[in-house]
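# Breakdown of the fold
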Protein chains: 2
Amino acid sequence: MYDVAIIGTGPAGISAALTLKLRNKNILFLGQESLSPKIQKAHLIQNYPGLPAISGEKLQKAFTEHLAQMEIGITSDSAKMIYAMGDYFSISGTKQSQPYQAKSLILATGVNAPQTIPGEKEFLGRGVSYCATCDGFFYKGKTIGVVAQGTESIEEIKYLAEIAQKVLLVADFAPDQHGFSLPQNVHLIEEKIEKIEGSQKAQKMVCTSSAFEIDGVFILRQNVDLQVLVPGLACGDGFITVDKNMQTNIAGCFACGDCTGKPFQYAKAAGEGNIAAHSACTYLDAQKQALQQAKN
Amino acid sequence: MYDVAIIGTGPAGISAALTLKLRNKNILFLGQESLSPKIQKAHLIQNYPGLPAISGEKLQKAFTEHLAQMEIGITSDSAKMIYAMGDYFSISGTKQSQPYQAKSLILATGVNAPQTIPGEKEFLGRGVSYCATCDGFFYKGKTIGVVAQGTESIEEIKYLAEIAQKVLLVADFAPDQHGFSLPQNVHLIEEKIEKIEGSQKAQKMVCTSSAFEIDGVFILRQNVDLQVLVPGLACGDGFITVDKNMQTNIAGCFACGDCTGKPFQYAKAAGEGNIAAHSACTYLDAQKQALQQAKN
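Summarised in this report is the structure supplied together with it. (Residues numbered from 1 in each chain as written. Chains lettered and ligands numbered in written order. Predicted model: local features only at pLDDT ≥ 70, side-chain atom pairs only at ≥ 80, totals over all residues. Heavy atoms only, no water.)

### Some words on the relation of the copies chain B and chain A
For clarity, the threshold we go by: Only residues with pLDDT of at least 70 in both copies count here: their C-alpha atoms drive the least-squares fit that superposes the copies. Note on contacts: a residue pair is in contact if any heavy atoms of the two residues lie within 4.5 Å.
Superposing chain B onto chain A takes a rotation of 180° plus a shift of 0.1 Å along the axis, which leaves an RMSD of 0.2 Å. Taken together, the turn and the small shift mark the pair as related by a two-fold rotation axis. For chain B, the minimum C-alpha distance to the rotation axis belongs to G271 of chain B and amounts to 2.0 Å. When the interface residues of chain B are mapped onto chain A, 100% of them again lie at the interface, so the same face is used by both copies.

Below is the structure:
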């Protein structure tokens, strides 16, 4: 059981991790080990105080070095489903079958609001899944569609290919160009997905010029819709609703950075990460005290 | 008329200044040119993302270089009274007789809540003043007490000595050790101030073992009580009340950093400064638009 799970390795998550480490918390830091790709893409950042006119690449390097110097490791995985269990959170990732568990949660997922596919939300949990590890098992020996966004999904595709009889893959990258030689039962469909159709459950994956009968569809993307990721999370205008302490509507769950809204800025994200970390510590202290009082 | 006046040169004010400069705003950046003394005093800062294990001295140097590189100047003065005039703010400093004027205001004054002297608030505006430049004139040829905290007050003491007939000085520093040879009409009282007494107005300055009849008392400290500094400003528990956009209860007035409350952290302060700057830009845009519409 971790003290705090941080979801996302952008400036907000990094800032939260640094402060929690200083406060001796046992943290799960989930995200890309190479940090948020958005940092590296920035050309020139002029208003991150103390690091004048820094390139995205150099800022990323500075963050990486800071994490290394504080001995903070990143668990290279992405959260697919997070459930508030009362006094802890259960976090399903893609890399291990057992969910991670943490007493508190800091969401630092960034702003990438995913474009959903028509039918995706309608059939979610009824043939549509975001999590190979969580739901792959149900499709043993069946035919599944896989919509893969980003090469981070390669491991999950391999895992699904081991379980399913047949995998119909729609990917936004060329597998062979990323050293991924498709297993024999994976058929690459070189079209775009248009919609998911069905009646009681998802039954058909409709692409640009053909349609495929399927038993289920896995949509593998890095960013899951926030309210799907954390059922019950209050959002407004696509952003997580937080108060000044970065507290969300769920006890023990905090949010920071671009996922809480504008301005989309490094300094703002780092500042909110710092606040969220302090709020998580306050929450953990109160939880510990309540448990001790219950014992007496 | 400045677009934005920033009060305070700590990390929050610096962050706001950098962003406003990027946004082409005409700023008044009021505070100590050597930046907030609190930064330099910090031994080791471990959780300012991107600058691992940095000393206060080095962080201050990094901030100074960043301001220089962005060609941001500091006006070495301290705000004593700020009035919201509707569509602009009037800011009385200590270095010039005319108040500064700015369309919007960012308070980044830090956390130093001043200890008030018994009688100080009671007689404020009735014989007690914080501002030599604003009120010195009223004491021409009279006897005044001056309670000076910090060597930054030396210029003001000199100014008051030029106006008043007699100055009774209680200082928390030894003037001669700071190259300040007292004017002939300034009498150094080597005691501590206990209280200010009077009936309709302040009449007596009571020190540890003696008391002095005075016509008025000037209390010269770097940090003025926030609600005295900005009449009408909403505060709670000694901190400025702000929303998530760092907006205070006064239109066009924003606050950031330690003065808005815990956690007292560099990253938090810098993040809030960034948000306050963006909010000020939004406010200025709306004000401009409203003025144009009024013209048409």
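From this point, things continue past the structure.
### Quick word on the pattern of salt bridges
Residues and elements named next belong to chain B. Using the following cut-off: Any Lys or Arg side-chain nitrogen found within 4 Å of a carboxyl oxygen on Asp or Glu counts as a salt bridge. Numbering of helices and strands starts at the N terminus; helices are DSSP runs of H or I of at least 4 residues and strands are runs of E of at least 2. Remark: exposure states derive from per-residue accessible area (1.4 Å probe, protein chains only) relative to the maximum for the residue type, with buried under 20%, exposed over 50%, and partly exposed in between.
Enumeration according to the criterion identifies 14 salt bridges over all chains in this entry. Between D225 and K121 there is a salt bridge, and its shortest N-O distance comes to 3.2 Å. Of this pair, D225 sits in the loop between β14 (216-220) and α6 (226-229) while K121 sits in the loop between β6 (100-107) and β7 (128-129), and the two are 104 residues apart along the sequence. Judged by relative accessible area, which is 47%, K121 ranks as partly exposed.

### Considerations on the sheet that holds strand β9 (residues 166-171) of chain B
Residues and elements named next belong to chain B. Short version of the rule: One requirement defines pairing of two strands: DSSP has to find at least two bridges between them.
In spatial order, the strands read β7-β14-β8-β9-β10; together these five strands make up an open sheet with parallel pairing. Looking at the sheet topology across the chains shown, the edges are occupied by β7 and β10 (186-188). Summarising the sheet, β9 and β10 pair through three bridges and their orientation is parallel. In the strand pairing of β10, V167 is matched with V186.

### Let's talk about the environment of T241 of chain A
Residues and elements named next belong to chain A. Inspection of the secondary structure puts T241 in the loop between β16 (239-240) and β17 (253-255). The partly exposed category is assigned to T241, whose relative accessible area is 42%. Sequence separation of T241 and A255 is 14 residues, and the distance between their C-alpha atoms is 8.4 Å. Beyond its immediate chain neighbours, meaning those up to four positions away, T241 contacts A234, C235, G236, Q247, T248 and N249.

### Remarks on the side chain of Q60 of chain A
As for its position among the elements, Q60 of chain A is in helix α3 (residues 56-69). When near neighbours in sequence (up to four residues on either side) are disregarded, Q60 of chain A contacts S34, L35, S36, I39 and Q40 of chain A.

### A closer look at the packing of aromatic side chains
Residues and elements named next belong to chain A. We apply this condition: Working definition: a ring pair exists when centres of Phe, Tyr or Trp rings (six-membered ring for Trp) sit within 6.5 Å. Plane angles under 30 degrees give stacked, over 60 give edge-to-face, the rest tilted.
Evaluation of the coordinates by the stated rule reveals eleven aromatic pairs over all chains. An angle of 70° between the planes, with centres 6.3 Å apart, marks the rings of F254 and Y283 as edge-to-face. Taken together, the positions of F254 in strand β17 and Y283 in helix α7 (residues 266-295) put the pair 29 residues apart, joining distant regions of the chain. Pair check on accessibility: F254 and Y283 agree, each one buried.

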